[in-house]
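Geometric and topological summary
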Amino acid sequence: MELKKLPYNLTVCKPDSAAGLDLTKDFYFIGRTDEELSLVCKTEDTPAQTTARDDGWRGFRIQGILDFSLIGILSGISGILAENEIGIFAVSTYNTDYILVKEENFDRAMAVLAENGYAVV
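Report on the accompanying structure.

About the criteria used
Residues numbered from 1 in each chain as written. Predicted model: local features only at pLDDT ≥ 70, side-chain atom pairs only at ≥ 80, totals over all residues. Heavy atoms only, no water. Phe/Tyr/Trp six-rings, centres within 6.5 Å; stacked < 30°, edge-to-face > 60°. Helix = DSSP H or I, 4+ residues; strand = E, 2+ residues; numbered from the N terminus. Buried < 20%, exposed > 50% of the residue type's maximum accessible area, 1.4 Å probe, protein only. Lys NZ or Arg CZ within 6 Å of the ring centre and 35° of its normal. Core = buried A, V, L, I, M, F, W, Y, C linked by side-chain atoms within 4.5 Å. Contact = heavy atoms within 4.5 Å. Salt bridge = Lys/Arg side-chain N within 4 Å of Asp/Glu carboxyl O. Lys, Arg positive; Asp, Glu negative; His and termini not counted. Polar contact = N/O pair within 3.5 Å; in protein donor to acceptor, adjacent residues only side chain to side chain.

Our next topic: the packing of aromatic side chains. Per the stated rule, a full pass over the model turns up three aromatic pairs. Ring centres of F27 and Y98 lie 5.6 Å apart, and the angle between their planes is 75 degrees; this geometry places the pair in the edge-to-face category. Of this pair, F27 sits in the loop between β2 (10–15) and β3 (28–32) while Y98 sits in strand β7 (residues 97–102), and the two are 71 residues apart along the sequence. Using a relative accessible area of 13% as the deciding quantity, one classes Y98 as buried. Among the aromatic residues, those joined into a ring-pair cluster are Y8, F27 and Y98. When the ring centre of Y8 is taken as reference, the NZ or CZ atom of K42 above it lies at 4.6 Å.

In structure tokens, the structure reads:
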């Protein structure tokens, strides 16, 4: 399985409102539930008005389109990272999964996944 590094720093935050979110940005993942509004975006695209913000994330995606019938893709990756004491923040889209790790753990995460048979590009 091929993993592609994302070439930018990411921020996970809670915007004050959805009204000011710029949906023209090329990496903007919004999650809204009955309890919260969350956003994952490039650090430079983080809205000025947030109630919480956590910078310092790097990410990678599973290359290709994952069929909904596939089982254990995210579990396999998160399990390897957990065994190596690397926490994750996962984002799933219709096509694939994105895994974020703190910047200080990113190179080690890529190395342990490569050691476990994942192709990192």
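With respect to the helices, strands and loops of the structure, D34 is situated in the loop between β3 and β4 (37–42). A relative accessible area of 78% means that D34 is categorised as exposed. Here the alpha-carbon distance between D34 and G87, two residues 53 residues apart in the chain, equals 26 Å.

Counting residues in each nonpolar core, the largest one holds 16 residues, and the members touching the most others are L3, F60, I77, L81, I99, V101 and L113. At the level of elements, β5 (50–62), α1 (73–83), β7 and α2 (106–115) are the ones that each hand at least two residues to this core. Counting residues per element, this core draws most heavily on α2, at five residues. Once residues within four sequence positions are removed from consideration, V101 is found in contact with G56, W57, R58, L81, I86, G87, I88, F106 and A109.

Another point: α2. Listing the buried residues of α2 in full gives F106, A109, M110, V112 and L113. Close packing links the buried residues of α2 with β1 (2–5), β5, α1, β7 and β8 (119–120).

Opposite charge on two side chains makes pairing possible when the charged atoms of those side chains draw close. Taken as a whole and judged by the stated rule, the model has five salt bridges. Where D45 meets K25, a salt bridge forms, and the shortest distance between an N and an O atom there is 3.7 Å. Of the two residues, D45 sits in the loop between β4 and β5 while K25 sits in the loop between β2 and β3, which places them 20 residues apart along the sequence.

As a further point, take the side chain of D97. Its location among the elements puts D97 in strand β7. Despite its burial, D97 pairs with no opposite charge; the closest candidate is R61, at 12 Å N-O. At 2.6 Å, the side chain of D97 and the side chain of S92 are in polar contact.

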